[in-house]
Amino acid sequence: MLDVHMFSSATKVKGQGVGSAYLELIGLLKKYFPQDIKVSINNFGKADISHYHTIDPQFYLSTFFPGRGRKIGYVHFLPETLEGSLKILQPFKWIFYHYVISFYRRMDQLVVVNPSFIEQLAAYGIDKKKVTYIPNFVAKKNFHQIDYFKKNELRKKLGLPVDKFTIIGVGQIQERKGVLDFIKLAQLLPDFYFVWAGGFSFGKITDGYRELKKYVVDPPINLKFPGIVERNALGEFYNAADAFFLPSFNELFPMSILEAASCGLPIIVRNLKLYRSILDSKYLAGETIKDFQQLLVNLANNQQLRDQQRRLSLTIAEEYSEDRLAKKWLEFYRSQSELNNL
């Protein structure tokens with residue numbers, strides 16, 4: 001049995017995708033491989049594999065201790081992907097960005113959730129052979145389609161109108177996520193209803209906090225900010241909606257897209273290169289506010305288009321299901337453990 005020690009503080013800050021990905025992986029290993037893998041959390045004892053999910057200083061220091069086994073780093077972000085997320089002043093920004101890369105260099109192997117990260121890490125001088133791509137996934141027990149006729153019941157429960165085409169966005173409230181565009185669309189489409197499930201996970205250091213906070217406190221009448229929704233309740237918000245809209249300007253591999261896809265929601269995103277490689281054009285994409293407005297109107301008025309996009313979303317969910325990814329994780333851990341004995 002492999003002794004795998006997980007190191008993470010991601011669940012201390014609610015509403016961030018890193019924490020969701022971490023919890024999904026823990027759940028997968030315990031469900032599929034209870035006889036093959038023994039999982040420990042933040043255990044500094046000896047291990048076959050030490051898997052670092054967050055870059056806490058105490059975790060960095062632990063990489064110098066003996067008995068770490070194979071050190072695996074989970075790359076959920078790079079310095080450039082933090083732009084538009086957190087407001088960090090110089091010289092602290094340079095110091096922090098340097099620390100991030102230094103942490104990754106301490107690892108024996110890195111796992112990226114985004115294939116484009118392989119080239120970006122290489123630009124920092126990290127050997128491509130030390131980088132493995134394993135995408136995110138979600139468990140169907142938490143995110144799945146419900147009977148369409150139950151939507152009205154869910155909307156009443158969540159305080160949403162039953163007679164409006166409803167669009168949901170999920171994630172931290174920050175500039176990088178395109179929340180201002182989400183708000184503008186709500187203003188331009190008063191006959192639609194918009195919900196953004198998420199909050200200011202990092203408080204006032206969130207990029208764009210002051211401007212965004214004004215809208216959260218006093219939103220348009222057709223826009224609801226329920227705040228950070230507990231993960232076990234988030235599926236209800238997806239299933240109460242008619243479409244998922246994420247206008248992020250920069251993304252990694254959003255858990256929210258996989259969650260929405262598992263619930264069979266049509267997906268609308270900004271036209272980013274990343275999505276073309278990981279989602280295979282099974283979504284609708286735009287560049288501008290006008291593009292998004294037209295896409296939402298078309299979707300609301302065209303039942304055939306909605307059905308088509310729902311089917312495409314379910315194929316995304318199948319491709320990134322826990323069933324498919326479980327085997328990949330077991331093979332990865334075993335191959336890494338074998339390298340300890342060479």
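All of these numbers come straight from a predicted model, not from anything done at the bench.

*Asks:* Just checking my understanding: could you explain the packing of aromatic side chains for this structure?
*Replies:* Each aromatic ring pair is summarised here by two numbers: the centre-to-centre distance and the angle between the ring planes. Under the counting rule described, the total for this entry stands at 26 aromatic pairs. The interplanar angle of 15° and the centroid separation of 4.8 Å between the aromatic rings of Phe7 and Tyr52 together place this pair among those described as stacked. Taken together, the positions of Phe7 in strand β1 (residues 2-7) and Tyr52 in strand β3 (residues 49-52) put the pair 45 residues apart, joining distant regions of the chain. Tyr52 carries the same exposure label as Phe7, and that label is buried. Here the aromatic cluster, defined as three or more aromatic residues joined through ring pairs, consists of Phe7, Phe44, Tyr52, Phe59, Tyr60, Phe64, Tyr99 and Phe103. One Lys or Arg, Arg270, reaches over the ring of Phe249 and ends 3.9 Å from the middle of that ring.

*Asks:* I would appreciate a short explanation of helix α12 (residues 303-319) in the present structure.
*Replies:* At 3.6 residues per turn, the α-helix brings residues three or four places apart onto the same side. An ideal rise of 1.5 Å per residue puts 24 Å on 17 residues; α12 measures up with 25 Å between its terminal C-alpha atoms. If you check which residues of α12 are buried, you get Leu305, Arg306, Gln309, Arg310, Ser313, Ile316 and Ala317. Buried residues along α12 cover an arc of 135° about the axis, so they all sit on one side. Relative to its buried face, α12 has exposed residues pointing more than 90 degrees away, namely Gln304 and Arg311. Against the buried residues of α12 lie α9 (255-262), β11 (267-270), β12 (284-286) and α11 (289-301). Of the residues that open α12, the one with a side-chain oxygen 3.0 Å from the backbone nitrogen of Gln304 is Asn302.

*Asks:* Looking at this structure, I do not really get the sheet that holds β1. What am I missing?
*Replies:* The strands making up a sheet are joined through hydrogen bonds of the backbone, oriented either antiparallel or parallel. The six strands lie next to each other as β2-β1-β3-β4-β5-β6, forming an open sheet whose pairing is parallel. Of all the strands in the sheet, just β2 (37-41) and β6 (131-133) have a single pairing partner and so form its edges. The mean angle between the axes of side-by-side strands here comes to 25°, regardless of whether they run parallel or antiparallel. Bridge count between strand β5 (residues 109-112) and β6: three bridges; the pairing is parallel.

*Asks:* Could you clarify how one ought to interpret the packing of helix α6 (residues 179-188) against helix α7 (residues 209-217) in this entry?
*Replies:* Between α6 and α7, the least distance of the axes is 11 Å, while the angle of their chain directions is 35°. In this structure, the crossing between α6 and α7 has a hand that is left-handed. Judged by residue contacts, Val179, Leu180, Ile183 and Gln187 of α6 engage Glu211, Leu212 and Tyr215 from α7. Here the contact of α6 with α7 is built from residues that sort into five nonpolar, one polar and one charged.

Cut-offs used in this document
Residues numbered from 1 in each chain as written. Predicted model: local features only at pLDDT ≥ 70, side-chain atom pairs only at ≥ 80, totals over all residues. Heavy atoms only, no water. Phe/Tyr/Trp six-rings, centres within 6.5 Å; stacked < 30°, edge-to-face > 60°. Helix = DSSP H or I, 4+ residues; strand = E, 2+ residues; numbered from the N terminus. Buried < 20%, exposed > 50% of the residue type's maximum accessible area, 1.4 Å probe, protein only. Lys NZ or Arg CZ within 6 Å of the ring centre and 35° of its normal. Expected span 1.5 Å × (residues − 1). Arc of directions from axis to C-beta. Contact = heavy atoms within 4.5 Å. Polar contact = N/O pair within 3.5 Å; in protein donor to acceptor, adjacent residues only side chain to side chain. Pairing = 2+ DSSP bridges. Axes fitted to C-alpha atoms, helices over the stretch in contact; angles between N-to-C directions. Left-handed = near helix turned anticlockwise from the far one by under 90°. Nonpolar A, V, L, I, M, F, W, Y, C, P; charged D, E, K, R; others polar.

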